[in-house]
Amino acid sequence: MTSTPAIPTLMTAADDTASAAVSAAEAADGTGLHGPVTDWFAEHARDLPWRRPAAGAWGVMVSEFMLQQTPVSRVLPVYEQWLARWPRPADLAAEAPGEAVRAWGRLGYPRRALRLHSAASAIQERHGGDVPREHAQLLALPGVGEYTAAAVASFAYGQRHAVLDTNVRRVFARAVAGRQYPPNATTAAERKLARALLPEDEGLASRWAAATMELGALVCTARSPECHRCPIAAQCAWQQAGSPAHEGPPRRTQTYAGTDRQVRGKLLAVLREAVTPVPQGVLDAVWDEPVQRARALDGLVSDGLVEPLTGGRYRLPHA
């Protein structure tokens, strides 16, 4: 009976941590982590609609767009409504992009709605309405970056790709690098680490991707990790090091109240509810500070989220 290889504790300087973690992962090859994490996932995974077979690749893609920087609890009702209205890419592509923005509701970062509409149109035009299977074809779709392409290929089609979101990065930073948090932005060393830890078997690799993401979301959380529930606590480099506090650059925090983002959200809320073009005066009542209000509205127009019309009227985009 072979023993489970432990991930060594790493106590290197901050600048060298990621590359040292890659070496540790390559030495241990991740096999001691795969079984415990995927077994935990099989028992504790949430029953989310985009994980069900009926969701298909389009359901997975919609969920990945919506879940970027947005918690599951806020996504669920919008996701269900979206798929009921647009069960296929062709259904969304046939609508005006403004309808995607309207249906996006208050999920935030509404440019994602326009990008998803553009992706649906490209899927209809280039792939006959079917979400492509090939990673390169997914990556070529409008609004689809490396993460989303890997996630759809892995979760929808069971392929072997490193899927590296915030939750996964945090799990790897603690379990392998011995750090409380990953760097503020994804690094090349983190991508190399993720590939080094990826199981060779395609099916296991797909489960590993989903399992590490779920582990970060439910157990290895940013603020209150529940290490007593973690299936790899005994192998975790951060635990072995005594759970040292974060020593890197300050973690970025997002504010909302009083920002242009808040003003943009208020303006879009009025436009989403309107069935006819909205006069400038109605939008002026949304926010008292005229310079910030004008800047926010100009930004919405520049981003393609709002369409200006003659006579000082505005609407969601129609084309």
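Basis of the calculations
Residues numbered from 1 in each chain as written. Predicted model: local features only at pLDDT ≥ 70, side-chain atom pairs only at ≥ 80, totals over all residues. Heavy atoms only, no water. UniProt positions renumbered as here; feature names shortened; annotations may be inferred. Helix = DSSP H or I, 4+ residues; strand = E, 2+ residues; numbered from the N terminus. Rg over C-alpha atoms; globule rule 2.2 N^0.38 Å. Buried < 20%, exposed > 50% of the residue type's maximum accessible area, 1.4 Å probe, protein only. Contact = heavy atoms within 4.5 Å. Areas by Shrake-Rupley, 256 points an atom, 1.4 Å probe, with all protein chains shown as cover. Lys, Arg positive; Asp, Glu negative; His and termini not counted. Charge placed at Lys NZ, Arg CZ, Asp CG, Glu CD. Phe/Tyr/Trp six-rings, centres within 6.5 Å; stacked < 30°, edge-to-face > 60°. Domains from an automatic or database assignment. Buried area = accessible area lost by both parts, 1.4 Å probe. 1 Å grid on protein atoms, 1.4 Å probe; cavity = no way out; pocket = protein on both sides within 12 Å on 5 of 7 lines; lining within 4 Å. Points joined across faces, edges and corners; volume = space filled by probe spheres on them. Nonpolar A, V, L, I, M, F, W, Y, C, P; charged D, E, K, R; others polar. Pairing = 2+ DSSP bridges. Salt bridge = Lys/Arg side-chain N within 4 Å of Asp/Glu carboxyl O.

Naming follows an unreviewed UniProt entry, where the protein chain appears as Adenine DNA glycosylase of Streptomyces albospinus. Under the UniProt heading Sequence similarities (unreviewed entry), the note attached to the protein chain is "Belongs to the Nth/MutY family." Per its UniProt entry, the protein chain bears the Catalytic activity (unreviewed entry) comment "Hydrolyzes free adenine bases from 7,8-dihydro-8-oxoguanine:adenine mismatched double-stranded DNA, leaving an apurinic site."

A. The arrangement of the overall build of the protein chain in detail. In terms of helices and strands, the protein chain carries 16 helices and 3 strands. Against the globule reference of 20 Å for 319 residues, the protein chain gives a C-alpha radius of gyration of 22 Å, in line with a compact fold. With respect to the principal axes defined by its C-alpha atoms, the protein chain has extents near 75 × 45 × 30 Å. Split into buried and exposed, the 319 residues of the protein chain put 46% on the buried side. Here the contacts in the protein chain between residues at least 6 apart in sequence split such that 64% fall between residues at least 24 apart. Carbon and sulfur atoms form 52% of the exposed surface of the protein chain, whose accessible area is close to 15500 Å². Between the centroid of the 34 positive side chains of the protein chain and the centroid of its 32 negative side chains there is a distance of 5 Å.

B. Just the packing of aromatic side chains, in detail. Inspection of every chain in the model, using the stated rule, returns 4 aromatic pairs. Residues W50 and Y79 carry aromatic rings whose centres are separated by 5.1 Å and whose planes lie at 75 degrees to one another, so their mutual orientation is edge-to-face. Taken together, the residues span a long stretch of sequence, with W50 in the loop between α2 (31-44) and α3 (56-67) and Y79 in helix α4 (residues 72-85) at a distance of 29 residues. Taking the relative accessible area as the measure of exposure, W50 reaches 9% and is therefore buried.

C. Region of the structure containing the side chain of S63. With respect to the helices and strands, S63 occurs in helix α3. Among the residues examined, S63 registers a relative accessible area of 1% and is labelled buried. Those residues in contact with S63, other than ones at most four positions away along the chain, are W50 and Y79.

D. Spotlight on the domain arrangement of the protein chain. What the domain assignment lists for the protein chain is domain 1 (1-253) and domain 2 (260-315). On a C-alpha basis, the centroid separation for the pair domain 1 and domain 2 is 34 Å. Listed per partner, the contact involves 8 residues of domain 1 and 11 residues of domain 2. With both sides pooled, the region where domain 1 packs onto domain 2 buries about 820 Å², and carbon together with sulfur makes up 56% of that total.

E. Structural view of empty space enclosed by the protein. The full count for this structure, using the stated rule, is 2 cavities of 30 Å³ or more. The volume enclosed by the largest cavity comes to roughly 100 Å³. Lining the largest cavity are 14 residues, with R174, C220, C227, C230 and C236 sitting closest to its centre. Every element with two or more residues in the lining of the largest cavity is listed here: α10 (166-175) and α13 (237-240). It is α10 that provides the largest number of residues to the lining of the largest cavity, a total of 3 residues. In terms of residue class, the lining of the largest cavity is built from 11 nonpolar, 1 polar and 2 charged. When its volume is computed, the second largest cavity comes out at roughly 40 Å³. Lining the second largest cavity are H161, A162, V163, V168, F172, A194, L198, W208, A209 and T212. Put simply, the parts of the chain that give the lining of the second largest cavity at least two residues each are α10 and α12 (202-218).

F. Structural context of the UniProt feature "domain: HhH-GPD" (unreviewed entry) in the protein chain. The positions UniProt marks with the feature "domain: HhH-GPD" (unreviewed entry) are residues 66-218. Helix makes up 65% of residues 66-218 and strand makes up 0%, while its end C-alpha atoms are separated by 19 Å.

G. A look at the sheet that holds strand β1 (residues 278-279). With respect to topology, 3 strands assemble into an open sheet ordered β1-β3-β2, the strand pairing being antiparallel. The outermost strands of the open sheet, each flanked by one partner alone, are β1 and β2 (307-309). Relative to strand β3 (residues 313-315), β2 runs antiparallel, the two being bridged by 3 bridges. Along β3, the bridge assignment pairs L309 with R313.

H. Expanded view of the pattern of salt bridges. According to the stated counting rule, one finds 15 salt bridges in the structure shown. For E200, the salt bridge goes to R160, with nearest N and O atoms at 3.4 Å. With E200 in the loop between α11 (188-197) and α12 and R160 in the loop between α9 (146-157) and α10, the pair connects residues that are 40 residues apart, well separated along the chain. Judged by relative accessible area, which is 67%, E200 ranks as exposed. Here E190 and R169 are joined by a salt bridge, their closest N and O atoms 2.9 Å apart. Of this pair, E190 sits in helix α11 while R169 sits in helix α10; the two residues are 21 residues apart in sequence, bridging distant segments of the chain. On the basis of relative accessibility, which here comes to 7%, the residue R169 falls in the buried class. Here the residues in one salt-bridge network are R85, E95, E99 and R102, joined through shared partners.

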